[in-house]
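# Structural characterization, general
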Amino acid sequence: MSPVSKIKHFIQQSWLLIISSFCFGLLIAIANAAWSPRIEQNRIYKLNRLMGELLPAAKSFELTVEMKVELAKGKRVKSNIYKALSDEGGCVGWAFNCEGPGFQDKIELVVGVDKDLEKVAGFNVLASNETPGFGDQIKLGYYRSQFVGVPAEKLELVKTGDDERIDSEIVAISGATVSSEAVVKIINLSLPQIKEQMKEKGLIGNAR
Amino acid sequence: MDTLNILLIGFISIVIVKNLVLTKFLGICPYLGVSGRIDMAFGMGMAVTFVVTLSGTLTWMIDHWVLMKFGLGVTRYVCFILVIAGAVQLVEMYVRKFFPFLYKSFGIFLPLITTNCAILGLCLFINLWGIDNLLEAVVLSFGAGIGFTMAICIMAGIRENLNLADVPECLKGAPITLITAGLLTLAFMGFAGMIR
Amino acid sequence: MPGEKQATTELYKRTLVAGLWNENPVFRLLLGMCPTLAVTAAVKPAFTMGLSVIFVLVCSNIVVSFMRNLLKPHLRILMFTLTIATFVTIADLFLRAFQPRMSEVLGPYVPLIIVNCIIICRAETCASKNNLIVSIIDALGMGVGFTLTLCVLAGVREILSTGAIWEIPILPAGFVPWAAMRMPVGAFITLGLLLALVNAVSKRKY
């Protein structure tokens, strides 16, 4: 077969495929163009809502810096630091996301801290896949309220203790030791590194 | 040393802790259909391992070096499934021509595998977990195949014995297999939390 | 021609009912198992998944039915796959834009509709051989049958694992939830028992 008739044969066989690929591509492009701003908006809205729960005084959040946090065994993950701004534009705190291995899968948290990174304002769970009814309780107010106002230093998980007292001892959820410990570990690993990197960049103590 | 550690842990986690069939519900159709006899089950498992390693690697490469570079992330699903279908076709032609003995042992399963959720599912999970180096993607894909093979062989072993047991009429076939799979899942739950 | 018209309406009715019971995709044809087990932890995600499948089924059946006389035999499966993948991408984008919470819960199982055996089977056996109306009715029947099955399974699992359906509490507060129902164990065992029930009812065998 000469080259021209080969091409003709090819087109004869696959013209439908070529035309429909083009049409489908167009359809997908239209759908994407129409909806991707809204998808992005959803993502930002969700993050803002979760961060807003932790730092109620904030009116808006501004992405300040992206840094890499090193987890155990050399794995590095990206962490976004957001500056919480009041209506006048003053800094009322910081929020960052961090992650680490949990019982079933990885746990992603968003942690809020005050403006000098001295006290933790609390955490919210972005994504987790823990055992329903047990590890899932890290999302509940009982466990999360223990983190509000604790000092931003090494936290310790204990099995029994006073869960009303605000200090660096966190009482584990009964029946969900691994998940509780995972949250404490994530905060213990990420917070010091973020503190150090922010000090290097001169962002703390620079509350404007 | 660290890389080796991560790879080893990733491999073990995907074979046992995050087994595709028993925890992520992927590949159930062939799991129920082909697990009647151990030799068929092993053949299917080998075919799946072969295809999934190849597909996982190819789709990771295309995703990272083409789709993300040019911002074409929205065509990800179409590209993945076409790559998988194409890879399976090529593999089948190649194996049939050059390795006839291999073809005899698992070749017949190859066309069935294109619609196996496990392959596309694994490619999407690798994308979801944000794996960012090629070696890890290869190891995870291979581990997924090995996990599938292990699960299907265990099931085949149990089903061969179930054939001799006194199963009630309405439970014969798919129902009892599903219940057995459920109990297997329960057993494998004991491995959760093994990898910290 | 009244006889012909009657025959056509009979065909439509038969096709519609087939998808709901006789050829119910999950309980009879044993297709589409993967999403059935994965998303039925609660009724809301199951319903959302069912609606997405109906959308993709109807659209792909329409397109395939239009093209049925133009398809070259060896490129058939490729065309089906391409069509289905496009509509699944559109459905996924829609879910991520307008139902972000459901999209998160369903996660990677929405793109897995592409390899859902139901859709490609219907395209192969029905849409590529029948005219537009029959294809649409078949798609609707199969899709609704699938959605109902998913919702039944999800209903059982949700009510036993949280005492609520569609997040509306139904069982009294003293009910101790069966956490196992939300995990893979519950999925497999519930589906197995439901299948056994369907077998028992339809074949009158115990």
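Quick caveat, the model's predicted, so the values are computed rather than measured.

Each helix and strand in chain B was counted, giving nine helices and zero strands. The order of helices and strands in chain B, counted from the N terminus, is α-α-α-α-α-α-α-α-α. Since a compact globule built from 196 residues should have a radius of gyration of about 16 Å, the 18 Å found for chain B is in line with a globular shape. Considered along the principal axes of its C-alpha atoms, chain B spans approximately 60 × 45 × 35 Å.

The number of helices and strands found in chain C is eight helices and two strands. Overall, chain C shows an N-to-C arrangement of helices and strands of α-α-α-α-α-α-α-β-β-α. What you see for chain C is a C-alpha radius of gyration of 18 Å, in line with the 17 Å of a compact globule of 206 residues. Projected onto its principal axes, the C-alpha positions of chain C cover 60 × 45 × 30 Å. The long-range share in chain C, meaning contacts at least 24 apart out of those at least 6 apart in sequence, stands at 75%.

On average, residues of chain B score 85 in pLDDT, and 98% of them are at 70 or above. The weakest mean pLDDT in chain B belongs to helix α6 (residues 110-113) of chain B at 74; the strongest belongs to helix α8 (residues 134-162) of chain B at 91.

Further remarks concern the confidence of the model for chain C. Residue and element names in this part refer to chain C. Summing up the model confidence of chain C, the mean pLDDT is 83 and the portion of residues at 70 or higher is 95%. Model confidence for chain C, summarised as mean pLDDT per element, is weakest for helix α1 (residues 2-22) at 72 and strongest for helix α3 (residues 43-67) at 91. Among the scores for the predicted complex, ipTM is 0.83 and pTM is 0.86.

What follows concerns the interface of chain C and chain B. Tallying the contact residues gives 32 residues for chain C and 33 residues for chain B. For the side of chain C that touches chain B, the secondary structure elements donating two or more residues are α2 (33-38), α4 (76-98), α6 (117-127) and α8 (184-203) of chain C. When its residues are assigned to classes, the side of chain C that touches chain B shows 26 nonpolar, five polar and one charged.

Another aspect to go through is the interface of chain C and chain A. Counting from both sides, the interface comprises 19 residues of chain C and, opposite them, 18 residues of chain A. Ranked by the residues each element gives to the side of chain C that touches chain A, the list is headed by α4 of chain C, at 10 residues. Classifying every residue of the side of chain C that touches chain A gives 14 nonpolar, two polar and three charged.

Between the first and last C-alpha of helix α3 (residues 177-200) of chain A there are 35 Å, a value that for 24 residues agrees with the 34 Å anticipated at 1.5 Å per step. After α3 of chain A finishes, the residue Gly-202 of chain A shows a positive phi value of roughly 70°.

Our focus in this paragraph is the pairing of strand β5 (residues 120-127) of chain A. Residue and element names in this part refer to chain A. Note: strand β4 (residues 106-113) against β5, six bridges, orientation antiparallel. Residue pairing for β5: Leu-109 is matched across the bridge by Val-125. Hairpin connection, β4 to β5: the antiparallel pair is bridged by six residues, and Leu-117 has positive phi, about 55°.

Our focus in this paragraph is the environment of Pro-100 of chain C. Looking at the element boundaries, Pro-100 of chain C is found in helix α5 (residues 100-106). The partly exposed category is assigned to Pro-100 of chain C, around which 17 C-beta atoms lie within 10 Å. Measuring from C-alpha to C-alpha, the distance between Pro-100 of chain C and Trp-178 of chain C comes to 28 Å, with 78 residues separating the pair along the chain. Setting aside chain neighbours within four positions, we find Pro-100 of chain C in contact with Asn-42 and Lys-46 of chain A.

This brings us to the sheet that holds β4 of chain A. Residues and elements named next belong to chain A. Pairing is antiparallel across the open sheet formed by five strands, whose spatial order is β1-β2-β3-β4-β5. Two strands bound the open sheet, and with one partner strand each, they are β1 (60-70) and β5. Pairs of neighbouring strands in the sheet enclose a mean axial angle of 20°, with direction left out of account. By the bridge criterion, eight bridges tie strand β3 (residues 91-101) to β4 in an arrangement that is antiparallel. By the bridge assignment for β4, Glu-99 is matched with Glu-108. Against the sheet, helix α1 (residues 3-54) contacts β1, β2 (76-85), β3, β4 and β5, and its axis sits at roughly 150° relative to β5. The sheet strands contacting α3 are β1, β2, β3, β4 and β5, and the helix crosses β3 at an angle near 130°.

Criteria and cut-off values
Residues numbered from 1 in each chain as written. Chains lettered and ligands numbered in written order. Predicted model: local features only at pLDDT ≥ 70, side-chain atom pairs only at ≥ 80, totals over all residues. Helix = DSSP H or I, 4+ residues; strand = E, 2+ residues; numbered from the N terminus. Rg over C-alpha atoms; globule rule 2.2 N^0.38 Å. Contact = placed C-beta atoms within 7 Å. pLDDT = per-residue confidence, 0-100. Nonpolar A, V, L, I, M, F, W, Y, C, P; charged D, E, K, R; others polar. Expected span 1.5 Å × (residues − 1). Pairing = 2+ DSSP bridges. Buried ≥ 20, exposed ≤ 12 C-beta atoms within 10 Å, placed from the backbone. Axes fitted to C-alpha atoms, helices over the stretch in contact; angles between N-to-C directions.

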